[in-house]
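As a plain string of letters, each chain reads:
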Amino acid sequence: MSQFSVFKFCCCMLMFGALSVPATRPLYAQAATTETGVVPHLHISLQPYRTRIEIACDPESRLDEYERRQLLSRLHQIIERSVGEKWLLHAPGPPQAETTVGIFENHWLPLCTSTGLLRLQPDQILARYPQQPFEKLFLIVVEPAGIGYRISGREFDYYSQRLSPLSENITYEKQFLAETTFDLLRDLFSSVVSIETVEGEQVTVSEQASQFLTPDPGVATLEINSFLLPFFRYLNRDREVKNIQMIPWTYLSIQEMNRKHATCSVTSGLRGILDGSRRRVEMLALAVQPRFQATELSLIPRGTSTQTYAGMKVQLSPLNPQEVRQLQIEAKKESEETKKPLREPDYVTGEFLTNRSGTIEIDADPQQPLIWLYIRSGNALVANVPYLPGIDSQISIQIPDDRIRLSVEGELAVLNGELIEAVAELSMKMSHIRKWAKSEEWTKVETGIRELESELSPRKIFQDKLNVIRVSAVEAAQAQNNRTAQARIASLCRETENRIDRFLSPTGIIDLKTEIQDLKLLSSPDRNR
């Protein structure tokens, strides 16, 4: 057969559909379906999210097999039209395809309700998918809600191995199940960024798949002022993840961004947590947003103590500790210049007292999402951390055991009371001696001075009592390895020690004797002549 005949034959076969040319796939899509799912030479901004969506239908939802297949197919079309290449999804496949990305019907959830989804733990997902062939896993449950349908969902992030809080949507039209499910997916999705450089309080990050523009600009994209929760992934020599550590009380806020990089500011209650180089450690961050109207905050003690922190003061402020300290310095300077009483800086926007269980409830504020919590025991500041109310339903803060300091304050209050009585008694005795000297009753004066000199030094007595309080309290704080309590005990005892030295100084009696001697000379007969 001639070459022309072969060409003519192929053209005819193509016209009648006997031959088909396979559609070419982008390089990233081919690479993303490899065993690891990651292309080493591609920047993270060029790697799409391998996404797996599983939908479980409650038997009471009255959806037959055809309607369930239609839901999967319709949802796939909506995602392609709205998210595009940013999410790597294959066409809906059979339920047994557990090693691929795509949209599938879930048959392994023991309870196909929002309650069952809420009970789900990350360990169950890790055991179900040991190879984790995805970066994002969305678990969706469809169940009846009156005459409509409740659609509940949670997101499992591969990098942080974190399950998102439960989110719910309700629709009253069966034909809108796919659209309602997609709205839920859009709310659940949390972007992942790689922390590339850290310079003080400025961080440069890159979002995964940021260079794939979505057909719908409001879907699966970060924005200015978005908040990120950083975490570390510790790797072994084979680059396998051995441990994941979420960084507490630390948030990144996006200030500037382009398609590849974003610049973030760091707000943290920890010093230099992101600074320094770490071997075999990946620094990533996960986008977070308030999903609850309020967060229940619990104060719990460090260590093995079982006490509850009732009656502790929790202050809310948009200012960080450095800004608060600057305001206090300015207020003190103003007081010294104007000779007016010290004005307390007005930086507190809310104040609460913990209940018997040591908890309070903090409302989420869209106008001021990130706040600082200043926790005080009496006037002592025991903790200050930033927080985003609404990202958790419940959260706890471990604070130092303050019972030692409170005990020291109580003992010092008693000691100060005794000090006041001792100073008053000493002043009364010295006043009587001066009165006798003015009346020239020198026998009584000499007897009174001898009694003052023969008595034990009140200063030495109070110093010994103070040392007993200080040593026992410091030993108790050292046993708990509580350096904060040690510093506060030293400060409190130093103030009392200065007070003892000031009011019970032995120079008082020496000055009194000099004063009596002068009066005696003035009243002597020889002086009058």
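Rules used throughout
- Residues numbered from 1 in each chain as written.
- Predicted model: local features only at pLDDT ≥ 70, side-chain atom pairs only at ≥ 80, totals over all residues.
- Heavy atoms only, no water.
- Helix = DSSP H or I, 4+ residues; strand = E, 2+ residues; numbered from the N terminus.
- Buried < 20%, exposed > 50% of the residue type's maximum accessible area, 1.4 Å probe, protein only.
- Contact = heavy atoms within 4.5 Å.
- Areas by Shrake-Rupley, 256 points an atom, 1.4 Å probe, with all protein chains shown as cover.
- Core = buried A, V, L, I, M, F, W, Y, C linked by side-chain atoms within 4.5 Å.
- Expected span 1.5 Å × (residues − 1).
- Arc of directions from axis to C-beta.
- Polar contact = N/O pair within 3.5 Å; in protein donor to acceptor, adjacent residues only side chain to side chain.
- Axes fitted to C-alpha atoms, helices over the stretch in contact; angles between N-to-C directions.
- Parallel < 35°, antiparallel > 145°, perpendicular 65-115°, else oblique.
- Nonpolar A, V, L, I, M, F, W, Y, C, P; charged D, E, K, R; others polar.
- Salt bridge = Lys/Arg side-chain N within 4 Å of Asp/Glu carboxyl O.
- Pairing = 2+ DSSP bridges.
- Patch = residues over 30% accessible without salt bridge, like charges linked within 9 Å, V, L, I, M, F, W, Y side chains within 5 Å.
- Lys, Arg positive; Asp, Glu negative; His and termini not counted.
- Charge placed at Lys NZ, Arg CZ, Asp CG, Glu CD.

A.B. asks: How should I be thinking about the overall build of the protein in this particular structure?
C.D. replies: Secondary structure summary: the protein contains 13 helices and 21 strands in total. Here the protein, with 529 residues, has 42% of them falling under the buried criterion. Across the protein, contacts joining residues at least 24 apart in sequence account for 70% of those joining residues at least 6 apart. Entry remark: accessible area of the protein is about 30000 Å², with carbon and sulfur atoms responsible for 51%.

A.B. asks: Would you explain unusual backbone geometry in this entry?
C.D. replies: Excluding glycine, a negative phi dihedral is what most residues carry, and trans is how most peptide bonds are arranged. Backbone geometry at Gln132 places phi at a positive 50 degrees, although glycine is not the residue there. Although it is not a glycine, Ala220 adopts a positive phi angle of roughly 55 degrees. Overall, Ala220 belongs to the buried group, its relative accessible area being 8%.

A.B. asks: Explain the nonpolar core to me, please; I cannot follow it from the model alone.
C.D. replies: A general feature of soluble globular proteins is that nonpolar side chains tend to end up buried together. Counting 36 residues, the largest nonpolar core has Ile53, Ile55, Ile79 and Trp87 as the members making the most contacts within it. For this core, the secondary structure elements donating two or more residues are β1 (49–57), α3 (65–82), β4 (136–145), β5 (148–157), α6 (177–188) and β14 (281–288). Counting residues per element, this core draws most heavily on α6, at 6 residues. Excluding its chain neighbours within four sequence positions, the residues that come into contact with Ile79 are Ile53, Gly84, Trp87, Leu89, Ile103, Phe182 and Leu185.

A.B. asks: What should I look at first to understand α3 in this one?
C.D. replies: Because an α-helix packs 3.6 residues into every turn, residues spaced three or four apart end up facing the same way. Here α3 contains 18 residues, and its C-alpha end-to-end distance of 26 Å stays within 8% of the 26 Å for a straight helix at 1.5 Å per residue. Taken residue by residue, α3 has Leu71, Leu72, Leu75, His76, Ile78, Ile79 and Ser82 as its buried positions. Along the axis of α3, the buried positions cluster into a sector of 165 degrees, meaning they face one direction only. Considering only its buried residues, α3 is in contact with β1, β2 (87–88), β3 (102–105) and α6. Looking at where α3 begins, the residue whose side-chain oxygen comes 3.2 Å from the main-chain nitrogen of Tyr66 is Asp64. At the exit of α3 stands Gly84, carrying a positive phi of roughly 70 degrees.

A.B. asks: Even after reading the chapter, I still don't get the packing of helix α8 (residues 403–438) against helix α10 (residues 458–479), so can you show me in this structure?
C.D. replies: When two helices pack together, their arrangement is given by the angle between the helix axes and the distance between those axes. Their axes nearest at 10 Å, the elements α8 and α10 cross at an angle of 180 degrees. Put simply, α8 runs roughly antiparallel to α10. Every residue of α10 that contacts α8 at Ile404, Val408, Glu411, Leu412, Leu415, Glu418, Leu419 and Ala422 is listed here: Phe462, Lys465, Leu466, Ile469, Ala473, Ala476 and Ala477. Here the residues of the contact of α8 with α10 are counted per class, giving 12 nonpolar, no polar and 3 charged.

A.B. asks: Explain the pattern of salt bridges here, please?
C.D. replies: A pair can form between side chains of opposite charge whenever their charged atoms are brought close. Enumeration over the complete set of coordinates arrives at 18 salt bridges. Measuring nitrogen to oxygen at the nearest pair gives 2.8 Å for the salt bridge that ties Arg233 to Glu282. Of this pair, Arg233 sits in strand β10 (residues 227–235) while Glu282 sits in strand β14, placing them 49 residues apart in sequence. By relative accessible area, Arg233 is classed as buried at 4%. Salt-bridge contacts for Lys460 lead to Asp464; the nearest nitrogen and oxygen are separated by 2.9 Å. Residue Lys460 and its partner Asp464 are located together in helix α10, separated by 4 residues, close to a single helical turn. According to the relative accessible area criterion, Asp464 is partly exposed, its value standing at 36%. Here the residues in one salt-bridge network are Lys136, Glu155 and Asp157, joined through shared partners.

A.B. asks: Help me understand the environment of Thr204 in this model?
C.D. replies: One can find Thr204 in strand β9 (residues 202–207). Excluding its chain neighbours within four sequence positions, the residues that come into contact with Thr204 are Ser194, Ile195, Glu196, Thr197, His261 and Ala262.

A.B. asks: Can you walk me through the pairing of strand β11 (residues 241–246) in this structure?
C.D. replies: Successive side chains on a regular strand alternate, one facing one side of the sheet and the next facing the other. Here β10 pairs with β11 via 5 bridges, running antiparallel. Bridging across to β11, Arg233 finds its partner in Ile244.

A.B. asks: I would appreciate a short explanation of a nonpolar patch on the surface in the present structure.
C.D. replies: A cluster of nonpolar side chains, contributed by Ile147, Ile170 and Tyr172, occupies part of the molecular surface with about 380 Å² of accessible area. Tracing the chain through its elements places Ile147 in the loop between β4 and β5.

A.B. asks: So what exactly am I meant to see when it comes to the sheet that holds strand β17 (residues 350–353) here?
C.D. replies: The sheet built from 4 strands is open, its strands ordered β17-β16-β19-β20 with antiparallel pairing. Two strands bound the open sheet, and with one partner strand each, they are β17 and β20 (380–387). Between one strand axis and the next, the sheet turns through 20 degrees on average, direction left out of account. The pairing of strand β16 (residues 313–317) with strand β19 (residues 371–377) spans 5 bridges and is classified as antiparallel. Looking at β19, one finds that Val314 is bridged to Ile375.

A.B. asks: I would appreciate a short explanation of the pairing of β16 in the present structure.
C.D. replies: Among the 5 residues in β16, 4 count as buried, and that is most of the element. Both β16 and β17 contribute to a ladder of 4 bridges, which runs antiparallel. By the bridge assignment, Leu316 is partnered in β17 with Gly350.

A.B. asks: What's the story with the sheet that holds strand β18 (residues 359–363) in this structure? I'm lost.
C.D. replies: Pairing between the strands of a sheet comes from backbone hydrogen bonds, and it takes one of two forms, parallel or antiparallel. Pairing in this open sheet of 3 strands is mixed, and the strands run β18-β15-β21 from one edge to the other. Pairing within the sheet leaves two strands with one partner each, and these edge strands are β18 and β21 (394–399). Pairwise comparison of adjacent strand axes, ignoring direction, gives a mean angle of 30 degrees for this sheet. Where strand β15 (residues 294–301) meets β21, 6 bridges bridge the pair, whose relative direction is parallel. In the sheet register, Leu297 faces β21, and the bridge partner there is Ile395.

A.B. asks: Before we go on, may I ask you to explain a positive patch on the surface in this structure?
C.D. replies: There is a patch of like positive charges on the surface, built from Arg237, Arg239, Arg279 and Arg280. For Arg237, a relative accessible area of 74% gives the class exposed.

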